[in-house]
Amino acid sequence: MPEAKNVDFDRPGGYAMPKGATQVQRRAAKDLARDGVVKLLGDTVPAHVAKDETPTPAFQASDPDTRLFVGDCRDVLARLPDRGNVDLVFADPPFNWDVPYDEWRDGMPRAEFERFTFDWLDGCVDALAPHGSIWVNIPDDTAAEIVMHLKRRGLTMINWCVWHFRFGQNRDSSFIMSKVHALYFAKNPDERIWNPKDVLEQSDRASIYADPRTQAKDENKGMRVPMDVWYGPYWGRIQGNNTERRHRHHNQLPEVYLERVIRACSNEGSLVLDPFCGSGTTSTVARAWNRRSITIEYGAGNAESAWQRITQIGMLRKGLSSGGTSAIAPARATKKRRPSAPASDA
Ligand SMILES: C[S@@+](CC[C@H](N)C(=O)[O-])C[C@H]1O[C@@H](n2cnc3c(N)ncnc32)[C@H](O)[C@@H]1O
């Protein structure tokens, strides 16, 4: 007997989440937060006690307001005057992989690293406005702990995206790492800022098959919201002679990544927060798109270099995260189709 097909989707057709899945997750997150049932290794270590000092920015610019604090983000977040008013957090933390950052020592015992992770996550969640969203860039070894911590803090997962890159470190002991997770959570999924039309890309139906049905749609002809695996031109790791590269910084993210997140999840004038400034990619892109931003960096040298990028160099690839195609097949000749046939998806 054929299986019954679930046709009750949030969007019609295809491989889609059933209606109500987000609400179910939201209720489950509330129960997790209330019952404290999830125990993780980091819970065995006492939480960080933040310094009792109001932080002042080391660097500041206007139009739009941009501030860079130098210090430990756990201390700055705890006393940030903007707590409760941040629209969007983007966090790309140290991964505890012994990376030689400027001043930060990137090699803690695992339990301490998890505690550190929960502490900065808590600082970010508390900084968010009730409608706020948070994105975390994190590899395989800590993704699960971050997902569970955000869920037990009562946030709802909107997407578990993947940033896929082709030039991972070569190895033969296991499959080569070619991705990092981009975890997208919201405090309130119904109230979050979400601008799908600002991040559209060409659908495969348009770019590979030149299907006239996608041009017959009433709006967004030939376009769709990007899928949840991100790759393509300008999406590679920033290394070698990449135009965007800021020497002396490690693990710099591509501008297109931040552009997609910031345009989709904030509005002009919104306040964006990045607790791990690095080379300043988030504030650089935020400024280019007229968003206010706050960023925090532990290393004073890193901070100075990032500020130069944010205020003097600016965004180099503005607009290149949308409008193109991520198709993995070349355009094909197709039989002429009747343009009047209804579009079934993108
Ligand atoms: C993965 S890098 C961020 C890269 C950034 N997304 C970019 O595109 O350039 C992490 C940065 O966080 C900084 N950092 C590490 N621990 C920190 C802490 N507790 N507070 C603030 N910054 C910290 C490191 O010095 C490093 O520059």
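Before any of the text, the structure's been laid out above.
Residues numbered from 1 in each chain as written. Predicted model: local features only at pLDDT ≥ 70, side-chain atom pairs only at ≥ 80, totals over all residues.

## Comments concerning the site of the ligand
By nearness alone, 20 residues border the ligand, and Asp92, Phe276, Gly278, Ser279 and Thr281 come closest of all. A breakdown of the residues in the shell around the ligand according to their chemical character gives 8 nonpolar, 8 polar and 4 charged. (Near = placed C-beta within 6 Å. Nonpolar A, V, L, I, M, F, W, Y, C, P; charged D, E, K, R; others polar.)

## Quick look at the packing of helix H7 (residues 255-265) against helix H8 (residues 281-288)
Axis separation between H7 and H8 bottoms out at 9 Å; the angle between their running directions is 55°. Taken together, H7 and H8 sit at an angle that is classed as oblique. The way H7 lies across H8 gives a crossing that is right-handed. Residues Glu255, Leu258, Glu259 and Ile262 of H7 lie in contact with H8, whose contacting residues are Thr281, Thr282, Val285 and Ala286. Split by residue class, the contact of H7 with H8 holds 4 nonpolar, 2 polar and 2 charged. (Axes fitted to C-alpha atoms, helices over the stretch in contact; angles between N-to-C directions. Helix = DSSP H or I, 4+ residues; strand = E, 2+ residues; numbered from the N terminus. Parallel < 35°, antiparallel > 145°, perpendicular 65-115°, else oblique. Left-handed = near helix turned anticlockwise from the far one by under 90°. Contact = placed C-beta atoms within 7 Å.)

## Brief notes about the environment of Asn188
Assignment of secondary structure puts Asn188 in the loop between strand E6 (179-186) and strand E7 (201-202). Ignoring any residue separated from it by four or fewer positions in sequence, one finds Asn188 in contact with Pro130 and His131.

## Examining H7
Since the α-helix packs 3.6 residues into each turn, any two residues three or four apart lie on the same face. With respect to burial, H7 is a largely interior element, 11 of its 11 residues being buried. Residues Glu255, Val256, Tyr257, Leu258, Glu259, Arg260, Val261, Ile262, Arg263, Ala264 and Cys265 constitute the buried set of H7. Among the structural elements, strand E3 (86-91), strand E4 (128-138), strand E5 (156-164), strand E9 (229-230), strand E10 (271-274) and H8 are those in contact with the buried residues of H7. (Buried ≥ 20, exposed ≤ 12 C-beta atoms within 10 Å, placed from the backbone.)

## Some thoughts on helix H3 (residues 110-127)
With 18 residues, H3 should cover 26 Å at 1.5 Å per step; its first-to-last C-alpha distance of 26 Å lies within 8% of that length. For H3, a buried count of 13 out of 18 residues is recorded, marking the element as mostly surrounded by other parts of the structure. (Expected span 1.5 Å × (residues − 1).)

## Re the environment of Lys221
Within the element layout of this structure, Lys221 appears in the loop between helix H6 (212-215) and strand E8 (223-224). According to the C-beta neighbour criterion, Lys221 is exposed, with 12 such atoms within 10 Å. On a C-alpha basis, the gap between Lys221 and Ser178 in space is 32 Å, while along the polypeptide they are 43 residues apart. Once residues within four sequence positions are removed from consideration, Lys221 is found in contact with Thr214 and Gln215.

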